[in-house]
Amino acid sequence: DHVWSIEIDAELAATARDPNQLRNLASRMQQDGELDKAIELLRKAAKMSPGQGYMQSQLASALVEKGQLDEAVKAYEEWFNSPQTRVQSQSYVDHYTLLRLAGLYKATGKLDDLKKRCETDLQKNSADRTARALQGHIAFLEKRYAEALAGFQAITQTGPGDPNVISQLVQLAGFSGLFKEVLAVAEKANSGMPSWDA
């Protein structure tokens, strides 16, 4: 049965046109400890769906598990630098991926580089929601909670509501004790938009 399953997996990997199909297959391989195969499939899936943070996050996760931190950073950089990410951020900020990107930069001692990148991006475009959100996540990781809250609040004031930040705000409230202040930002972030986080 196992050999038959491997043959089917190999055929699926070769013929798949749906990146999510590849991603699901890669998840199974990652769970089975076949990291090299999982990484290969996730790279293929990420190329098929540029700008999708969840693909880059899963690829980065597999790379971290294999101990390839620099490669994991590159996976996130590819997502962060893609034009699709900036276009998408006008209506949807991917906080899940941004927090993991910031955490990986911190773990590899490159957080100052990421801070400079955010500053440069905001000098070019003060309404860059992705860079503003990333500043908030960096501040959170560095325990500068009031600054993190100010960064997340700025996002809610420069575009549509941002219900995807609410789970991050819940964590921020727990760490900072700024419950009233966080609640005010969370209510603005929700602004009636449907979201699991909301």
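First things first, this report covers the structure right here in the doc. Keep in mind that this is a model prediction, so the values were computed, not measured.

## Here we look at the packing of helix H8 (residues 111-124) against helix H9 (residues 129-141)
- Contact geometry for H8 and H9: axes closest at 9 Å, N-to-C directions at 150 degrees. Here H8 is positioned roughly antiparallel relative to H9, judged by the angle of their axes. Crossing hand, H8 versus H9: left-handed. Side by side, H8 and H9 meet where Leu111, Leu114, Lys115, Cys118, Glu119, Asp121 and Leu122 of the first sit next to Ala131, Arg132, Leu134, Gln135 and Ile138 of the second.
- Its residues placed into classes, the contact of H8 with H9 shows seven nonpolar, one polar and four charged.

## Points about the nonpolar core
- Within the largest apolar cluster, 49 residues are counted, with the highest numbers of intra-cluster contacts made by Leu101, Leu114, Leu134, Leu169 and Leu172.
- In this view, Leu114 contacts Leu101, Ala102, Tyr105, Leu134 and Ile138; residues no more than four positions away in its chain are not counted.

## Side note on the environment of Gln135
- Along the chain, the position of Gln135 falls in helix H9.
- Judged by its relative accessible area of 27%, Gln135 falls in the partly exposed class.
- As a C-alpha pair, Gln135 and Arg117 span 18 residues in sequence and 9.9 Å in three-dimensional space.

## A word on the side chain of Asp121
- In this structure, Asp121 sits in helix H8.
- Not counting chain neighbours up to four residues away, the residues in contact with Asp121 comprise Phe80, Arg86, Asp128 and Ala131.

## A short note on the packing of aromatic side chains
- Here the structure, examined in full by the defined rule, presents four aromatic pairs.
- Consider the rings of Trp79 and Phe80, whose centres lie 6.3 Å apart with planes at 40 degrees: the pair is tilted. One exposure class covers both Trp79 and Phe80, and it is buried.
- Connected via pairs of aromatic rings, a cluster forms that spans Phe140, Tyr145 and Phe175.
- Positioned above the aromatic ring of Tyr96, the side-chain terminus of Arg100 is 3.8 Å from the ring centre.

## Focus on empty space enclosed by the protein
- By the definition in use, this model includes one cavity of 30 Å³ or more.
- Of the voids in this model, the largest cavity is the one considered here, and its volume is about 30 Å³.
- Around the largest cavity, the lining residues are Trp79, Thr85, Gln88, Ser89, Tyr92, Val93, Asp94, Leu98 and Thr130.
- No other element matches the three residues that helix H6 (residues 83-89) contributes to the lining of the largest cavity.
- In the lining of the largest cavity, the residues fall into four nonpolar, four polar and one charged.

Basis of the calculations
- Residues numbered from 1 in each chain as written.
- Predicted model: local features only at pLDDT ≥ 70, side-chain atom pairs only at ≥ 80, totals over all residues.
- Heavy atoms only, no water.
- Axes fitted to C-alpha atoms, helices over the stretch in contact; angles between N-to-C directions.
- Helix = DSSP H or I, 4+ residues; strand = E, 2+ residues; numbered from the N terminus.
- Parallel < 35°, antiparallel > 145°, perpendicular 65-115°, else oblique.
- Left-handed = near helix turned anticlockwise from the far one by under 90°.
- Contact = heavy atoms within 4.5 Å.
- Nonpolar A, V, L, I, M, F, W, Y, C, P; charged D, E, K, R; others polar.
- Core = buried A, V, L, I, M, F, W, Y, C linked by side-chain atoms within 4.5 Å.
- Buried < 20%, exposed > 50% of the residue type's maximum accessible area, 1.4 Å probe, protein only.
- Phe/Tyr/Trp six-rings, centres within 6.5 Å; stacked < 30°, edge-to-face > 60°.
- Lys NZ or Arg CZ within 6 Å of the ring centre and 35° of its normal.
- 1 Å grid on protein atoms, 1.4 Å probe; cavity = no way out; pocket = protein on both sides within 12 Å on 5 of 7 lines; lining within 4 Å.
- Points joined across faces, edges and corners; volume = space filled by probe spheres on them.

Honestly, that's just the spatial picture; any functional story needs more than this.
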